[in-house]
Amino acid sequence: MPKILIVAPNWIGDALLAQPLFARLRKKLPGVVIDAVAPPWTAPVLRRMPEIDDVIEAPFDHGELALLARWRLGRRLRLRRYDQAIVLPNTFKSALVPFFAIVPLRTGFVGESRYGLLNLVHKLDAKGVPLMAERYAQLAENPGTKPALPLPQTRLAVAAVNLATVLRRLGISREKPLVALCPGAEYGPSKRWPARHFAGLARRLAARGYAVWLFGSEKDRAIGEEIAAASEGAATNLCGKTDLASAIDLLSLAEIVVTNDSGLMHIAAGVGRPVVALYGSSSPEHTPPLAPSHRIVRTGIECSPCFARECPLGHFKCMNELAPERVMEEIAAVRDAA
């Protein structure tokens, strides 16, 4: 029975986009064991993937070399006797643990002079394989071979017992149809639709009989409070009140999820929810949601996408000019198509 170790991405969204790779490995290698090394902030997502057998949390921070900690983890993983490791991040340090674990076959893309650390090397064809999910899936094939298409949808398990517990703890009910709003984006302000627009959208949705819940991390709590206040009570702020596993379960209840280009966008796709995705500085041509039903909303102005963390021109038109009325139209479209 083959055993594969995945060195998982450091971002929640990228972890979801890697799931088609895991599904492809399952299809090619019946009975394969797939374990993943992941940072604590993405581990809850991987634990909800049916393709993953075990998740080993990495004891080092984002961007930290932590050479001794990586050596210790690799030494511990030697006992598992993996046949192959697939390294998804393109950094030098991400390839160290499989090397220290003496995994015989170590696969990944060329990057940061990793020859030697990796011994089955793929070269990235950025134009020929533009989607991140396809790039990850390519690593299941021989070098020079494009990924098997179409990619499977992402899918995350929902824990019914945890869902019931979280609903009781938060004191929220499911009496009305739900629209989830995700106002955060870890990368930076340029990916975030303005709070006033989220508030305006929440008021319009409440007037049509929807409950509106705001989702995000502790970092998004303040913007959630701003939106809730400006919505005049239409939106309930759950930002910072749930862990990631609970957010996965709660998002499964939504009829529609309206979200910035963020990790929660990909989680919503993973629980099969229709998604209305708001794009400004980033591009859906690289990391779109792998949702069965979704709408991409963008203004299409000349300077977008710029991929900057903050608007380099200072006007932020790509998001400011994306009006709530336009998003309401897309909600109706995705609802009718679902």
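Residues numbered from 1 in each chain as written. Predicted model: local features only at pLDDT ≥ 70, side-chain atom pairs only at ≥ 80, totals over all residues. Heavy atoms only, no water.

Caption draft 1: Spatial organisation of the overall build of the protein. Looking only at helices and strands, the protein features 13 helices and twelve strands. Computed over the C-alpha atoms, the radius of gyration of the protein is 21 Å, within 12% of the 20 Å expected from 2.2 N^0.38 for a compact globule of 338 residues. Based on the C-alpha atoms only, the size of the protein along its principal axes is roughly 60 × 45 × 35 Å. Considering only residue pairs separated by 6 or more positions, the protein has 60% of its internal contacts joining residues 24 or more positions apart. Positive and negative side-chain charges of the protein, numbering 42 and 32 respectively, have mean locations separated by a distance of 5 Å. (Helix = DSSP H or I, 4+ residues; strand = E, 2+ residues; numbered from the N terminus. Rg over C-alpha atoms; globule rule 2.2 N^0.38 Å. Contact = heavy atoms within 4.5 Å. Lys, Arg positive; Asp, Glu negative; His and termini not counted. Charge placed at Lys NZ, Arg CZ, Asp CG, Glu CD.)

Caption draft 2: The arrangement of the sheet that holds strand 4 (residues 84-87) in detail. Across the sheet, six strands lie side by side as 3-2-1-4-5-6; this open sheet has parallel pairing. Strands with a single pairing partner mark the edges of an open sheet, and in this sheet they are strand 3 (54-57) and strand 6 (120-122). The sheet shows a mean angle of 20 degrees between the axes of neighbouring strands, taken without regard to direction. Direction of pairing for strand 1 (residues 3-7) relative to strand 4: parallel, over a ladder of four bridges. Residue pairing across strands places leucine 5 opposite alanine 85, the latter belonging to strand 4. (Pairing = 2+ DSSP bridges. Axes fitted to C-alpha atoms, helices over the stretch in contact; angles between N-to-C directions.)

Caption draft 3: Fine view of the sheet that holds strand 8 (residues 211-214). Read across the open sheet, the six strands follow the order 9-8-7-10-11-12; overall the sheet is parallel. Two strands lie at the open edges of the sheet, namely strand 9 (235-237) and strand 12 (294-297), each paired on one side alone. The sheet shows a mean angle of 20 degrees between the axes of neighbouring strands, taken without regard to direction. In this sheet, strand 12 lies alongside strand 11 (residues 275-278) in parallel orientation, the contact comprising four bridges. Its bridge partner being in strand 12, alanine 277 is matched across the sheet by isoleucine 296. Those strands touched by helix 9 (residues 221-230) are strand 8 and strand 9, and its axis lies near 155 degrees from that of strand 9.

Caption draft 4: Structural view of the pattern of salt bridges. One pass over the full model with this rule turns up 14 salt bridges. Aspartate 336 is paired through a salt bridge with arginine 335; the nearest N and O atoms lie 3.6 Å apart. Using a relative accessible area of 39% as the deciding quantity, one classes arginine 335 as partly exposed. Through salt bridges with shared partners, a single network forms among Arg24, Lys28 and Glu141. (Salt bridge = Lys/Arg side-chain N within 4 Å of Asp/Glu carboxyl O. Buried < 20%, exposed > 50% of the residue type's maximum accessible area, 1.4 Å probe, protein only.)

Caption draft 5: Spatial organisation of the nonpolar core. Counting 61 residues, the largest nonpolar core has Trp213, Phe215 and Leu250 as the members making the most contacts within it. Excluding residues that lie within four positions of it along the chain, tryptophan 213 makes contacts with Leu167, Ile172, Ser173, Leu178, Val179, Ala180, Leu181, Thr236, Leu238, Leu250 and Leu253. In terms of nonpolar packing, the next biggest core, distinct from the first, is built from 30 residues, Cys239, Phe316, Met319 and Val327 among them. (Core = buried A, V, L, I, M, F, W, Y, C linked by side-chain atoms within 4.5 Å.)

Caption draft 6: Summary view of unusual backbone geometry. With omega at 0 degrees, the peptide bond leading from leucine 149 into proline 150 counts as cis. Here proline 150 shows up in the loop between helix 6 (132-138) and helix 7 (160-170). Each neighbour pair has its own omega, and for serine 304 with proline 305 the value is 5 degrees, a cis peptide bond. Mapped onto the fold, proline 305 is located in the loop between strand 12 and helix 12 (317-320). The phi torsion at alanine 66 lies on the positive side, around 45 degrees, for a residue other than glycine. By secondary structure assignment, the location of alanine 66 is in the loop between strand 3 and helix 4 (67-77). The backbone of isoleucine 102 sits at a positive phi, close to 55 degrees, despite the residue not being glycine. For isoleucine 102, a relative accessible area of 57% translates into the label exposed.

Caption draft 7: View of helix 11 (residues 263-270). For helix 11, the buried fraction is high: seven of the eight residues fall into the buried class. Among the structural elements, helix 1 (12-17), helix 3 (43-47), strand 7 (178-182), helix 10 (244-251), strand 10 (256-260) and strand 11 are those in contact with the buried residues of helix 11. A positive backbone phi angle near 75 degrees is found at glycine 272, which sits one or two residues after helix 11.

Caption draft 8: Geometry of the state of the cysteines. Under the criterion given, the structure shown has zero disulfides. Lacking any disulfide linkage, cysteine 182 is separated from the closest cysteine sulfur, that of cysteine 239, by 8.1 Å. (Disulfide = S-S within 2.5 Å.)

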